[in-house]
Amino acid sequence: MKRLFNIGLLLVSASLAVGCFNEDDRNYQYFPNMYESVGYEAYGSYEVFENSQEAKLPVEGTVPRGWKPYGFEDSNEGYQNAKASLTNPLPYTEDNVNEGKALYTIYCAICHGDKGDGKGTLAQREKILGIPAYNDAGRAITEGSVYHVMFYGLNTMGSYAAQTSEEERWKIDHYVMDLKRQLNGAPKREFVSEEEAEMMMKENASDESISGTEMSEEDQNDEAQPETTEQEDMTEGEQENTEVNQK
Ligand code: HEC
């Protein structure tokens, strides 16, 4: 009799367990602390934090790695200051100008035209109006103003700060000033020799005027380490576990 009762109890509880199973829901968790860690989740909500939000904004003034703040404001005054005082820190070498040309063709020529005369495809199709030629006397562009405009954009022209690195923008800058000279029929600027270029780059590196485009070896190691060691230190089982947890 007792045995029958036990079997009955087992059947009832089994059918209850199966009956409550819902394919659209999460399964039952045994040992839930295996799945729900004690640590805070990056985007979790916990009362201990201000706004109950775990993810915090970086401290004010934080500078992301590989990024250097740009010292001129996005205002007319900032534009005028950059125009007057900012100069290209990259040496005017054939390589830099050629790379600038390639980048210019990708990002700028569609509006400004291959010659910089403001007659690119989008201008011809009247999609964008008011594109100036680089030798427009009223604008009198300089290395500084060209960089400033690439960084912040200007009216219908968007900013190129996200698509290009600081170094790439300065390369484009060299090429834009080249186009301006060509449009004016001015003589070509002479390239800087390799040795001179190297000297310039060394000086620049010491006063960090184009830091952010190149990292020191130490920095690069710093960056590579956490990833590789994490991967290597994990046994296969642990790796599987993290995969399961992510699912
Ligand atoms: C979508 C079309 C478009 C593209 C692409 C574009 N520009 Fe422009 N650009 C304009 C327009 C329009 C103006 C005039 C803006 C104004 O003065 O209102 C302008 C103005 C300029 C000026 C003159 C700014 C001044 O000081 O008066 C420069 C220099 C310039 N662009 C450089 C570039 C460079 C370099 C690129 C590529 C990285 C580029 N532009 C890409 C449309 C474009």
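Residues numbered from 1 in each chain as written. Predicted model: local features only at pLDDT ≥ 70, side-chain atom pairs only at ≥ 80, totals over all residues.

Student: Outline the site of the ligand, listing residues and values.
Tutor: The environment of the ligand is formed by 23 residues, the closest being C108, C111, R139, N155 and M157. Of all the elements, helix α6 (residues 143–152) adds the most residues to the shell around the ligand, at four residues. For the shell around the ligand, the per-class residue count stands at 17 nonpolar, five polar and one charged. (Near = placed C-beta within 6 Å. Helix = DSSP H or I, 4+ residues; strand = E, 2+ residues; numbered from the N terminus. Nonpolar A, V, L, I, M, F, W, Y, C, P; charged D, E, K, R; others polar.)

Student: How would you summarise helix α3 (residues 94–107) if you had to cite specific residues and measurements?
Tutor: Between its first and last C-alpha atoms α3 spans 20 Å; for 14 residues at 1.5 Å apiece the expected length is 20 Å, and the two agree. Residues of α3 that are buried include every one of N96, G100 and Y104, and no others. Seen end-on, α3 carries its buried residues on one side only, within an arc spanning 75°. Opposite the buried face of α3, at more than 90 degrees from it, the exposed residues are E94 and D95. (Expected span 1.5 Å × (residues − 1). Buried ≥ 20, exposed ≤ 12 C-beta atoms within 10 Å, placed from the backbone. Arc of directions from axis to C-beta.)

Student: Let's hear about the nonpolar core: which residues, and what values?
Tutor: The biggest cluster of nonpolar side chains holds 16 residues, and the ones touching the most others in it are Y104, V146, Y147, M150, I172, Y175 and V176. For this core, the secondary structure elements donating two or more residues are α6 and α7 (166–184). The element that contributes the greatest number of residues to this core is α7, accounting for six residues. Excluding anything up to four places from it in sequence, I172 contacts G100, L103, Y104, C108 and M150. (Core = buried A, V, L, I, M, F, W, Y, C linked by C-beta atoms within 7 Å. Contact = placed C-beta atoms within 7 Å.)

Student: Requested: an account of unusual backbone geometry, with residues and values cited.
Tutor: If you check the backbone angles, N51 has positive phi at about 55° while not being a glycine. You can see N51 is positioned in the loop between α1 (2–19) and α2 (76–85). For N51, a count of 8 C-beta atoms within 10 Å translates into the label exposed. Unusually for a residue other than glycine, A140 sits at a positive phi of about 40°. Inspection of the secondary structure puts A140 in the loop between α5 (121–124) and α6. We classify A140 as exposed; it has 10 C-beta atoms within 10 Å.

Student: Give me the lowdown on the packing of α6 against α7, citing residues and values where you can.
Tutor: Axis separation between α6 and α7 bottoms out at 9 Å; the angle between their running directions is 130°. With respect to α7, the axis of α6 lies oblique. When you trace α6 past α7, the crossing you get is right-handed. Between α6 and α7, the residues in contact are E143, V146, Y147 and M150 and R169, W170, I172, D173, V176 and M177, respectively. Looking at the contact of α6 with α7 residue by residue, the class counts come to seven nonpolar, no polar and three charged. (Axes fitted to C-alpha atoms, helices over the stretch in contact; angles between N-to-C directions. Parallel < 35°, antiparallel > 145°, perpendicular 65-115°, else oblique. Left-handed = near helix turned anticlockwise from the far one by under 90°.)

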